[in-house]
There are 2 protein chains.
Amino acid sequence: MGNGKSKNVEVGKAETGKLKRVDVSPVANYQANIAESHETFAVTEQWSPQPRPSLDKRLSLDLLSSTQLPEQSKQGKVFHPDLLNRNLVQMKYAVRGELAAKAKMLEEQGKTVTFTNIGNPHALGQQPITFYRQVLCLLTAPFLLDEPTIEQLFPSDVIARARSYLKDISGGVGAYSDSRGLQRFRQDVAHFIQKRDGFPSDPNTIFLTDGASMAVRLCLNALIRNKQDGLLCPIPQYPLYSAGVELYGGTLIGYELDESNGWAMNIDNLKSQLMAEKQRGVLCRALVFINPGNPTGQCLTVENLREVIKFAYNEQLVIMADEVYQENIYASDAKFVSCKKVLMEMGAPYSQSVELLSFHTISKGLIGECGLRGGYMEMTNIHPGAVDMILKLASINLCPNVLGQAATALMCNPPKPEEPSYALYTKERHGIYDSLKRRAEMLVNAFNELDGISCNITKGALYAFPNIDLPPKALEAAAKAGRIGDEFYCLALLDATGIVTVPGSGFGQVAGTYHFRTTILPNEAQMPDIIAKFKGFHEKFMTQYA
Amino acid sequence: MGNGKSKNVEVGKAETGKLKRVDVSPVANYQANIAESHETFAVTEQWSPQPRPSLDKRLSLDLLSSTQLPEQSKQGKVFHPDLLNRNLVQMKYAVRGELAAKAKMLEEQGKTVTFTNIGNPHALGQQPITFYRQVLCLLTAPFLLDEPTIEQLFPSDVIARARSYLKDISGGVGAYSDSRGLQRFRQDVAHFIQKRDGFPSDPNTIFLTDGASMAVRLCLNALIRNKQDGLLCPIPQYPLYSAGVELYGGTLIGYELDESNGWAMNIDNLKSQLMAEKQRGVLCRALVFINPGNPTGQCLTVENLREVIKFAYNEQLVIMADEVYQENIYASDAKFVSCKKVLMEMGAPYSQSVELLSFHTISKGLIGECGLRGGYMEMTNIHPGAVDMILKLASINLCPNVLGQAATALMCNPPKPEEPSYALYTKERHGIYDSLKRRAEMLVNAFNELDGISCNITKGALYAFPNIDLPPKALEAAAKAGRIGDEFYCLALLDATGIVTVPGSGFGQVAGTYHFRTTILPNEAQMPDIIAKFKGFHEKFMTQYA
């Protein structure tokens, strides 16, 4: 299982009983650890339940006086990778793992690298929405509002919005706010939800967070008590959920999406996974779905959502609805409907009892403000005492960053048709949307033209997730190199072309299938060239291993 | 132990064996939970080790098939406060607890409330440093750089700095950065450290984070494996550390600071606490100190730091040096020296082996940019494999917010004497510093003039932490109301005057002593009035309970 790196150190048994190697080279070798973990990640292929660490560490303190102390240090280090939180050590998060680290090194060496591993639109040239940056600028530098030339610098609605927000941001953007985010901003979010769905939304059930990921983590950290607590997650899935489950010590219950049917969800499949885990003593607490899907791009219909809601009601599961790509829908036969809306439309008993957590962000959609770190969750039918616990957890970091909060409010409360900024705002959005749509089609078509690759249509989100039909010789070569097939392919792709992707094993996939995820985000003008490079690599690879 | 609220529900035994009530009233009753937790927080008074949850939840999955499933729901709720992560439920974080929540309610009812519970300078009128906001504004709205009038709007060094940073922020502030923060900004931080201490600092050992609190939590989350892992923390202490230890399932090992000696640290005391815990099977992993102290305001000397370093070396402990108040030192006989500097000056073997984590922030000092959420940690002598684990943990949230990163870099790389902004920058800083110093003295003197209160001098940080000599009748009344003495006092203070403080029990204190923490941050012009109100309340209270 070696990865060819020097200075591997055998460091003793991890709780799984397997020897784990830890490379002691510098930080850049983070990939060494991830290589290890990739070999065990593919959820349905090799994943098996991790037994809890041995009992001697879990005894109550009453018994501890007779227990041996843990090992204090290793190689002279207390903060040694073998002496850390095992959940963290075992946790895998492939999006920024080995391939990304290697790509960075290549870039530092002067190679041309195209980062299509991560949904990071601005890094690839997408422009911020002007209105948002104008308002944020004035919130940051309110003294500009005193400039005599302010009206030449900014449209009147920008000035008015900034002044209006500043009235409600006591102390300005440099003051800690409420740990749930400023009331004013939560009101903007609630109005947006109400307008979108046609049902009331209460700002007191909304938490603004540093990106939707933080909101997801607050919930998982609260919900998961131990390995008996399970989380139903789609396979493939954006590995925030699997990483979170691992980190907080729970059990992932994967439900496979049906690649032959546009990555559809199959409720019977969810049900049988649930039952099987119950037999093994795992109680599922919540069900996650990502709509539109990441990496898979499928969109759920109203009927799908009704089915999910009924399932959650019958099985008593909290629903975690990751809806961060709700503005990225390209297929003409698809339309975003929020889980909240469907839930409310279903009426009693569902609308009054199904516990729903809905997540949204400023990082995706058409605004792509990843670096500002903003997002929210809306909590529907959640026990107030549980909301209190989430609030307590959120309060340890005092509050989410205020400019990110403001950006979230701006996303939810854009210029109105009668306002001066509306024309430019709309033009910018249409430009981004139309281009994303074209690039999604361009990329998926290109993949489907090649032998040995097939790709479901990207109906939504920001990715393509092609299926690679790896020849047996390629799989042999991969095994020899200590790699899963798609890792091997993606590393070769990176070496040959500088294109950075994420292997499908990072998201989970049906045993014996191989995929990779790429974004649709490279600049449209560069797409043909990137596609050509990819094509060149793929045909050469398939010939080499024919 | 009732708190007079309706609808208390007895919800069954928590793992401590005590019945815990959970109020099912709306979110505003977060305080109900905190009231419960306050009653058990005072670390040396009532704190006792929490036994681990019963074994049946901790068995390996091999055995689970014969184990009962956990309770699925309560009162029809899966996400019920009784069915959540017990560490979270039991965790206490008093700074934003009951009193703050109650104060908010009073404010909403129209009462005049003075928030001196939290180090939040801008909320109380402190102005941001102009240079920083000017640069941040241009990073947010780079299109302003194209304005013909840009040089009338901003000084040339602001423009130059913004242009320079933008060159190194690929994709602008809306793109995800490296999970450790942008290289350019980490370089600014490294240069600052080098200039401050006279020893090299490597940007690759620096992580930028959304506030220093996030950096602390990354480390605790990695270091603490289970209840056998201990953390040596000062008593009293800013409860981030106790909350973190609780949340991540470790054991707090408190070392009392000596109030009669200016809150000095006593190494023998640390040593005996360490030994006692070892007997009980707890291995201390790290030692925290806050310098200058929070809430206590004492400053460590070079000799103190040498002692701490030797102690950490001998006992094999990681040092966590919380140095967020390093710019807030008022006493003429005190001067900030970083732990890193002292460590390096000590030379081998210490300088090459003592594992040190140093934390700093933009939230305090003279810039007070709490809401932007920025800070960093520097990792000295930390195993690269452990740094990898921290990086992996940081990467789940992709990156810290980029504007907060920029503000951190700006704090570390301010205008130079020859630059246009220098004069204003220096003037603003001196104004803030001189005022903080005056307010610290004003407040401490005012406390010391009153009977029944004594207060150590605030040599540093942003707080006063007076000792209240509560009369027996007051303690009786407190007990009757189900309160710790200082909680009772602080609630009465809030009711009578609208002044919001944090009871000493929220920070830990020697058994039988009572304190509260107030900030020194109210506007200087309002201080005499606030002091007068406080005085009026205190004298009345002491007379009432004489």
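Residues numbered from 1 in each chain as written. Chains lettered and ligands numbered in written order. Predicted model: local features only at pLDDT ≥ 70, side-chain atom pairs only at ≥ 80, totals over all residues. Heavy atoms only, no water.

**Comments concerning the overall build of chain A**
What counts here: Helix and strand labels come from DSSP, where a helix needs a run of H or I of at least four residues and a strand needs a run of E of at least two; each type is numbered from the N terminus. A 1.4 Å probe rolled over the protein chains alone gives each residue an accessible area, and that area as a share of the maximum for its type sets the label: buried under 20%, exposed over 50%, partly exposed in between. Here, two residues are considered to be in contact whenever any of their heavy atoms come within 4.5 Å of each other. Here, Shrake-Rupley sampling with a 1.4 Å probe gives the accessible areas, and only protein chains in the shown set may cover a residue.
Summing up its helical and strand segments, chain A has 20 helices and 16 strands in all. Residue burial in chain A is summarised as follows: out of 546 residues, 66% are buried. Taking the contacts inside chain A whose residues are at least 6 apart along the sequence as the reference set, 71% of them involve residues at least 24 apart. On chain A, roughly 18600 Å² of surface is accessible, and the fraction owed to carbon and sulfur atoms is 51%.

**Some points on the environment of B:Met389**
All names here are of chain B. Among the secondary structure elements, Met389 is positioned in helix α15 (residues 384-395). Taking relative accessible area as the criterion, Met389 reaches 3% and is therefore assigned buried. Separated by 160 residues in sequence, Met389 and Asp229 have C-alpha atoms that sit 18 Å apart.

**Looking at unusual backbone geometry**
In this structure, A:Pro236 follows A:Ile235 across a cis peptide bond, with omega equal to 5°. Within the secondary structure, A:Pro236 is located in the loop between β5 (229-235) and α10 (240-247). In this structure, B:Pro292 follows B:Asn291 across a cis peptide bond, with omega equal to -5°. Along the polypeptide, B:Pro292 turns up in the loop between β7 (283-290) and α12 (302-315). Its identity is not glycine, yet B:Trp263 carries a phi of approximately 60°, on the positive side. Position of B:Trp263 relative to the elements: it lies in the loop between β6 (251-256) and α11 (267-279).

**Here we look at the interface of chain B and chain A**
What counts is decided by this rule: Accessible area, probed at 1.4 Å, shrinks when two parts are joined; the buried area is that loss added up over both. Each reported salt bridge corresponds to a side-chain nitrogen of Lys or Arg within 4 Å of a carboxyl oxygen of Asp or Glu. Under the rule applied, a polar contact is a pair of N or O atoms within 3.5 Å (in protein, one hydrogen donor and one hydrogen acceptor; residues adjacent in sequence only if both atoms are side-chain atoms).
Counting residues at the interface gives 138 residues for chain B and 138 residues for chain A. In total, chain B and chain A occlude about 12000 Å² of area from one another, counting both sides; carbon and sulfur atoms represent 61% of this. It is B:Phe79, B:Tyr176 and B:Ile396 in chain B that bury the most area against chain A; as a group they hold 7% of the surface buried on that side. For A:Lys104, the salt bridge identified is with B:Asp178, shortest N-O distance 2.5 Å. Inspection of the chain B/chain A interface yields 48 residue pairs in polar contact (both at pLDDT 80 or more).

**Some words on the relation of the copies chain B and chain A**
Quick reminder of the rule: Least squares is the method used to superpose the copies, on C-alpha atoms of residues holding a pLDDT of at least 70 in both.
Laying chain B over chain A is done by rotating through 180° and shifting 0.0 Å along the axis; what remains is an RMSD of 0.0 Å. The relationship between the two copies is best expressed as a two-fold rotation axis. Taking C-alpha positions as the reference, the residue of chain B nearest the rotation axis is B:Cys137, at 2.4 Å. Taken as a fraction of all interface residues of chain B, those also at the interface in chain A reach 99%, which identifies the copy contact as same-surface.

**Quick notes on the side chain of B:Gln126**
All names here are of chain B. Tracing the sequence through the fold places Gln126 in the loop between β3 (114-115) and α5 (130-140). A polar contact is formed between the side chain of Gln126 and the backbone oxygen of Leu366, at a distance of 3.3 Å. Excluding residues within four positions of it along the chain, Gln126 makes contact with Pro121, Leu366, Ile367, Gly368, Ile432 and Leu521.

**Some details on the pattern of salt bridges**
The tally for this structure, following the rule as stated, stands at 42 salt bridges over all chains. The closest approach of N and O atoms between B:Lys74 and B:Asp82, which form a salt bridge, is 3.8 Å. For B:Lys102, the salt bridge is made with B:Asp495, and the minimal N-O distance between the two is 3.3 Å. One end of the pair, B:Lys102, is in helix α4 (residues 98-108); the other, B:Asp495, is in helix α19 (residues 485-497), with 393 residues separating them in the sequence. We classify B:Asp495 as partly exposed; its relative accessible area is 40%. Here the salt bridges share partners, and the residues they tie into one network are A:Lys104, B:Asp178, B:Arg180 and B:Arg186.

**Some details on the sheet that holds strand β16 (residues 516-519) of chain A**
Picture the strands of a sheet paired through backbone hydrogen bonds; they go either parallel or antiparallel. The cut-off we apply is this: Strand pairing follows a simple DSSP-based rule, namely that at least 2 bridges must link the two strands.
Strand order in the open sheet formed by three strands is β12-β16-β15 (chain A), with antiparallel pairing between adjacent strands. Every interior strand has two partners, whereas the edge strands, β12 (463-464) and β15 (502-503) of chain A, have only one.

**Overview of the pairing of strand β9 (residues 356-361) of chain B**
All names here are of chain B. The buried fraction of β9 is high, at six of six residues. Of the two faces of β9, the one carrying Leu356, Ser358 and His360 and the one carrying Leu357, Phe359 and Thr361 are both buried. The sheet contact formed by strand β8 (residues 318-322) and β9 spans four bridges and is parallel. Along β9, the bridge assignment pairs Ile319 with Leu356.

**What about the side chain of A:Thr497?**
Residues and elements named next belong to chain A. Here Thr497 lies in helix α19 (residues 485-497). What makes Thr497 buried here is its relative accessible area of 7%. The contact partners of Thr497, leaving out residues within four places of it in the chain, are Thr112, Lys533 and Phe537.

**Some words on helix α16 (residues 402-412) of chain A**
All names here are of chain A. With eleven of eleven residues buried, α16 lies mostly within the body of the structure. If you check which residues of α16 are buried, you get Val402, Leu403, Gly404, Gln405, Ala406, Ala407, Thr408, Ala409, Leu410, Met411 and Cys412. Two or three places before Leu403, at the start of α16, stands the capping residue Asn401, its side-chain oxygen 3.4 Å from that residue's backbone nitrogen.

**Details of the packing of helix α5 (residues 130-140) of chain A against α16(A)**
Residue and element names in this part refer to chain A. Definition in use: In this analysis an axis means a line fitted to C-alpha atoms, helices contributing only their contacting stretch, and an angle means the value between N-to-C directions, from 0 to 180 degrees. Crossing handedness is defined as follows: a turn of the near helix away from the far one that is anticlockwise and smaller than a right angle gives a left-handed crossing, while the clockwise case is right-handed. Any residue outside Ala, Val, Leu, Ile, Met, Phe, Trp, Tyr, Cys, Pro, Asp, Glu, Lys and Arg is labelled polar, Gly included; the first ten of those are nonpolar and the last four are charged.
Axis separation between α5 and α16 bottoms out at 10 Å; the angle between their running directions is 145°. You can see that α5 and α16 cross each other, and the crossing is right-handed. Along the contact surface, α5 presents Phe131, Tyr132, Val135, Leu136, Leu139 and Thr140, while α16 presents Leu403, Ala406, Ala407, Leu410 and Met411. When its residues are assigned to classes, the contact of α5 with α16 shows ten nonpolar, one polar and no charged.

**A short note on the sheet that holds strand β15 (residues 502-503) of chain B**
Residues and elements named next belong to chain B. Pairing is antiparallel across the open sheet formed by three strands, whose spatial order is β12-β16-β15. The sheet terminates laterally at β12 (463-464) and β15, the two strands that pair on one side only. Both β15 and strand β16 (residues 516-519) contribute to a ladder of two bridges, which runs antiparallel. Across the sheet, Val502 pairs through a bridge with Arg517, a residue of β16.

**Details of helix α7 (residues 156-168) of chain A**
Our working rule: What a helix is expected to span follows from its residue count: subtract one and scale by 1.5 Å.
Compared with the 18 Å implied by 1.5 Å per residue over 13 residues, the 19 Å span of α7(A) between its first and last C-alpha is a close match. Within the sequence span of α7(A), burial applies to A:Asp157, A:Val158, A:Ile159, A:Arg161, A:Ala162, A:Tyr165 and A:Leu166.

**Considerations on the UniProt feature "domain: Aminotransferase class I/classII large" (unreviewed entry) in chain A**
Which entries qualify depends on this criterion: UniProt positions are given in the numbering used here, feature names are shortened, and annotations may be inferred rather than shown by experiment.
If you check UniProt for "domain: Aminotransferase class I/classII large" (unreviewed entry), the listed places come out as residues 160-530 of chain A in our numbering. The straight-line gap between the two end C-alpha atoms of residues 160-530 of chain A is 44 Å; of that span, 43% is helix and 15% is strand.

**Description of the packing of aromatic side chains**
Residues and elements named next belong to chain A. Stated precisely, the cut-off is as follows: Pairing of aromatic side chains requires ring centres within 6.5 Å, counting the rings of Phe and Tyr and the six-membered ring of Trp. Pairs whose planes differ by under 30 degrees are stacked, by over 60 edge-to-face, and all others tilted.
Applying the stated criterion across every chain yields a total of 40 aromatic pairs over all chains. Ring centres of Tyr489 and Phe537 lie 5.2 Å apart, and the angle between their planes is 75°; this geometry places the pair in the edge-to-face category. Residue Tyr489 is found in helix α19, and its partner Phe537 is found in helix α20 (residues 527-544); the two are separated by 48 residues along the sequence. You'll find Tyr489 and Phe537 in the same group, each marked buried. A connected cluster of aromatic rings, assembled from ring pairs, spans Phe447, Phe488, Tyr489, Phe516, Phe534, Phe537, Phe541 and Tyr545.

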